[in-house]
Amino acid sequence: MGEYALQMQGIIKEFPGVRALDNVTFSVRKGEIHALCGENGAGKSTLMKILSGVYPHGTYDGQILVNGQKVQFKSIKESQDAGIAIIYQELALVEEMTVAENLFLSHDLMRAKVINWNKIYVEAQKWLDHIGLNIDPQTKVGDLTVGKQQLIEIAKALTKEIEILILDEPTAALTESDVEILINLLNDLRSKGVTCIYISHKLGEVMTLADTVTILRDGQTISTDPIEELTEDKIITKMVGRELTELFPYEQREISDENVLEVKNYSTVDETGKKVINNVSFTLKKGEILGFSGLMGAGRSELFISLFGGFKGKKFGTVYIDGKETNIKKPADAIKEGLAYVSEDRKRYGLVLGMDITKNTTLTALNKVMKLKVIDQALEIKSVSVITDKVKLKAPSLEAKVGQLSGGNQQKVVLSKWLMNNPKILILDEPTRGIDVGAKYEIYKIINELASQGVGIVIISSELPEVLGMSDRIIVMSQGTITGEFLRDEATQENIMTCATGGKKREQSLVNS
Amino acid sequence: MSNHLSTADEATQSNRGLSFKVDLQSYMLIIALVLIAVIFGIFTGGEFLSSRNLSNLFTQMSIIAVLAIGMTLVIVAGHIDLSVGSLVGLAGGAAAILQVWYGWNTVLTVIAAIVVGAIFGLWQGWWVAYRAVPAFIVTLGGMLIFRGILIGITNGQTISNLDESFKLIGTSYFPYIPGYILAVVCIALLVFGTVRKRSKRKSMGLLLSAPMFDYGKVAIYSFFILLATYLLNRYLGIPVPILIVALLAVIFIFISNNTAFGRYVYAIGGNEEAAALSGINIKRNVLWVFTTMGALAGVAGVLLTSRLNAATVSAGSNYELDAIAACVIGGTSLVGGKGKIVGALIGALIMASIDNGMSMMNIEAFWQYIVKGLILIVAVWIDISSKK
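Residues numbered from 1 in each chain as written. Chains lettered and ligands numbered in written order. Predicted model: local features only at pLDDT ≥ 70, side-chain atom pairs only at ≥ 80, totals over all residues.

Under an unreviewed UniProt entry, chain A has the name Xylose ABC transporter ATP-binding protein and belongs to Lysinibacillus telephonicus.

Some remarks on the overall build of chain B
The helix and strand inventory of chain B stands at 16 helices and 4 strands. Taking the principal axes of the C-alpha coordinates as reference, chain B spans close to 65 × 55 × 40 Å. Put simply, chain B has 388 residues, and 44% of those count as buried. (Helix = DSSP H or I, 4+ residues; strand = E, 2+ residues; numbered from the N terminus. Buried ≥ 20, exposed ≤ 12 C-beta atoms within 10 Å, placed from the backbone.)

Remarks on the confidence of the model for chain B
Low-confidence regions, as indicated by low pLDDT, have predicted coordinates that should not be scrutinised in detail. All names here are of chain B. Model confidence for chain B is summarised by a mean pLDDT of 88, while 92% of its residues fall at 70 or above. In this model, residues 1-22 is a region of pLDDT below 50 whose contacts with residues beyond four sequence positions or in other chains number 43 contacts. Both confidence scores are given for the complex: pTM 0.79, ipTM 0.85. (pLDDT = per-residue confidence, 0-100. Contact = placed C-beta atoms within 7 Å.)

Quick word on the confidence of the model for chain A
Residue and element names in this part refer to chain A. When the pLDDT values of chain A are averaged, the result is 86; 95% of them are 70 or greater. Averaged pLDDT values over the elements of chain A bottom out at 42 in helix 19 (residues 503-512) and peak at 96 in strand 20 (residues 456-460). Of the regions scoring below 50 in pLDDT, residues 503-513 engages in 10 contacts with residues more than four places distant in sequence or in other chains.

Side note on the pairing of strand 9 (residues 212-217) of chain A
All names here are of chain A. As judged from the 4 bridges shared by strand 3 (residues 33-37) and strand 9, these two strands associate in the parallel manner. Residue pairing in the sheet places Ala35 in a bridge with Val213 of strand 9. Across 6 bridges, the pairing between strand 9 and strand 10 (residues 220-226) is antiparallel. Directly across from Thr212, in strand 10, lies its bridge partner Pro226. Once strand 9 ends, the chain turns through 2 residues before running back antiparallel as strand 10, passing Asp218 with a positive phi of about 50°. (Pairing = 2+ DSSP bridges.)

A word on the nonpolar core
Most often, soluble globular proteins keep nonpolar side chains buried together rather than apart. Counting 241 residues, the largest nonpolar core has Ile427 and Ile457 of chain A together with Ile64, Leu67, Ala68, Met71 and Ala348 of chain B as its most contacted members. In terms of residue count, helix 3 (residues 51-76) of chain B provides more of this core than any other element does, 16 residues in total. Residues contacting Leu67 of chain B, with those up to four places away along its chain left out, are Val84, Leu296, Ala297, Ala300, Tyr319 and Ala323 of chain B. (Core = buried A, V, L, I, M, F, W, Y, C linked by C-beta atoms within 7 Å.)

Remarks on the interface of chain B and chain A
Across the contact, 32 residues belong to chain B and 32 residues belong to chain A. When residues of the side of chain B that touches chain A are traced back to their parent elements, those giving at least two are helix 1 (2-12), helix 2 (14-43), helix 8 (176-203), helix 11 (260-270) and helix 12 (272-277) of chain B. Among the residues forming the side of chain B that touches chain A, the class breakdown is 12 nonpolar, 13 polar and 7 charged. (Nonpolar A, V, L, I, M, F, W, Y, C, P; charged D, E, K, R; others polar.)

Examining the domain arrangement of chain A
Residue and element names in this part refer to chain A. Entries for chain A in the domain assignment read domain 1 (4-240), domain 2 (259-338 + 423-512) and domain 3 (352-421). When each unit is reduced to the centre of its C-alpha atoms, the spacing between domain 2 and domain 3 is 26 Å. Contacts between the two partners involve 11 residues from domain 2, matched on the other side by 9 residues from domain 3. (Domains from an automatic or database assignment.)

Regarding unusual backbone geometry
The general pattern is negative phi for most residues beyond glycine and trans for most peptide bonds. A positive phi angle, near 70°, is found at Lys373 of chain A, a position not held by glycine. Summarising the element assignment, Lys373 of chain A is placed in the loop between strand 17 (370-371) and strand 18 (374-375). Lys373 of chain A sits in the exposed class, given 11 other C-beta atoms within 10 Å. A positive phi angle is found at Ala132 of chain B, which is not glycine, with a value near 55°.

Points about the sheet that holds strand 15 (residues 324-326) of chain A
Residue and element names in this part refer to chain A. The strand order across the open sheet built from 4 strands is 12-11-14-15, with neighbouring strands paired in antiparallel fashion. The open sheet terminates on both sides in strands that have one partner only, identified here as strand 12 (275-285) and strand 15. Across the sheet, the axes of successive neighbouring strands diverge by a mean angle of 10°, strand direction being ignored. With 7 bridges joining them, strand 11 (residues 259-270) and strand 12 adopt antiparallel strand pairing. (Axes fitted to C-alpha atoms, helices over the stretch in contact; angles between N-to-C directions.)

Structure (structure tokens):
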């Protein structure tokens, strides 16, 4: 310790009209895990793009030292050669190839005139052992969970001589158990002397993992502190530059006794004949916020996609909305019944990125802005602006393309789109994934307000604090069945995790009691 | 591409962003068009820009323009239609058979040709939408099938000598005075539409582009409408085919901007999964897109048979490629979700100008293929590199 693996000094980066980085200083000691925190737009990605050579030397001011040596990266290749490996949120693996092929994709072993497959498999096995992943190197990457794919990415980076490993939001898509594996691996790497820069919105992980935390806000370095001197609240305060009284603005509300949604003995079978949801029953009351917790693959998203009519496969069981039995066959039916589904992957399932805010927002509710089958564009923009004001959307214009907004604002567009229909039931699947703290808070407030207006709300989330912080009641799923149900006061991280992991056991005990 | 540039523009100069967004790409296309006109004008000693030649040029482009209108929808929806050339031939052939062999009157014949196109379009749309066979394959099959049917039903003969009234569709002109009246009506509508749009946006408290800009645009458009009418009137008048193109263009621009169907087509091409979860019936909309394309191929078939006064077995060959090229030059993205009918029309005009200008310069036909191919590649390259 003591020596610096990386020093970035006086970094200034300007884009037309914006100063993205304003005299940023960032120093990382050898062998430490150094967390880089900040809201979206604070400049974290820009800083990392400078370090990794995406923005070549000459397009920014300031200097970079790696191991005390001045460096000037003119390309991504040069930074890689200097031992800087960056793993982005979006994984860069070839899903159709095997683990071994991916590991050595750009490695000399694969560039041989004749590839020695045996050697590659042996080498791959070594690296898999090294990161503690017990899988066959000939497995197709596409068949692995996102969490395991993330570990493969790290292993791939390790196969080269690296000085600094940069992880950009590595756990955004991971379940609790995969996060644990990742944290163990990083701890292990630290003990082996690998220097690591860890970018994350999840402060709990930052607190358990990091040695040092640097906080950026509005393109400036706010502070660099050892972890001992920080708490989650202190970090948040520094990130947002203001006190957030609470992370989760939960309000005690009157919840009516009326069920807006009742699901009885619901099961689904997918196209391959596999049972995905197994005999699930639950109710949702008007104005209630119902949390759905569980590990990835527990069937939570699948359950609600199916209820929404978007699941390809067979389904069994009965669904009552406002006490009336309904038969939802396709999303259009669900929308008619007052359901709204905010998907976990907003770019894939929620938005048409090339379309503007207005057109995205009215996609589900064009009939509300049409006169005689013709879209009244003035009325359309007006109706949209009412809703986007409500969700506090920040955008240059309602005619701006959705693809150019930040994650938080994109999510607000998805919310607006569904609010156009005045839904009775709002299903939110990972509503704050990849969104910065400030925007999260605003989204929570919108959720609360909707609930107090009588909308039944389902929050599916892999972040336990979010489920615990927002829900009136929490249902836990595991392997396609409900394994536990808790009122707000009874729920703890521990009892939820027990139900989420030990599915079978819990079911037994429920039957017995 | 322009959208990309302009939205950045919009962020910095939010007041002017709106108007720039719509037009940057059209400007580039118009500049290209003017350049082509000037170059050919010089090389042909002004003959390229003569009234007679412009009249020919517009008539020549009309068939591809009709196809390009439909092709824009198909490509925006994220598909492709390789069968339109064969379908033009088949619909035109059907028209000729019905009139020449069976003595149908012109109105019925025209309707029948459009229906033939629509039915085959529907049939292909069914394969694409409900049987999930890629459009490339379905329409490649269609290309062979329709050509085969055409050769079969005509016994491989050329069928000629259609009724006088049928020939008029593709060869007659809208005469002097009514031509000017039409031009004036168009301009009046343009002015009225702009005023109304501005007042509506104002009342909604939306961003307005500078009055100079909006009305300047109207002035430029009006000037070109009058100029075109004047030039065409100096020859024989406005060719009817180009009026048909204009009418179809107005209808389809309206459909793409102001109806749910149009909006859905862009959404489906932009992100099919998001569109599906928004409750949009993907299959039905795709079916309609192909049916529409088929009907427009029927219209093009009528125009072609009428102009040639005959249906041949090779009629319409390669038209699909010209139509696709017109769309792509006009800025339509083959990935789907992005594209404008106006762009495709200008693209069609550029392609027709190159054909026409080069033949006037007595450049051998093989060069036309080479130049058109290169322009297609370069147009897409400009599109891609301007995105960065």
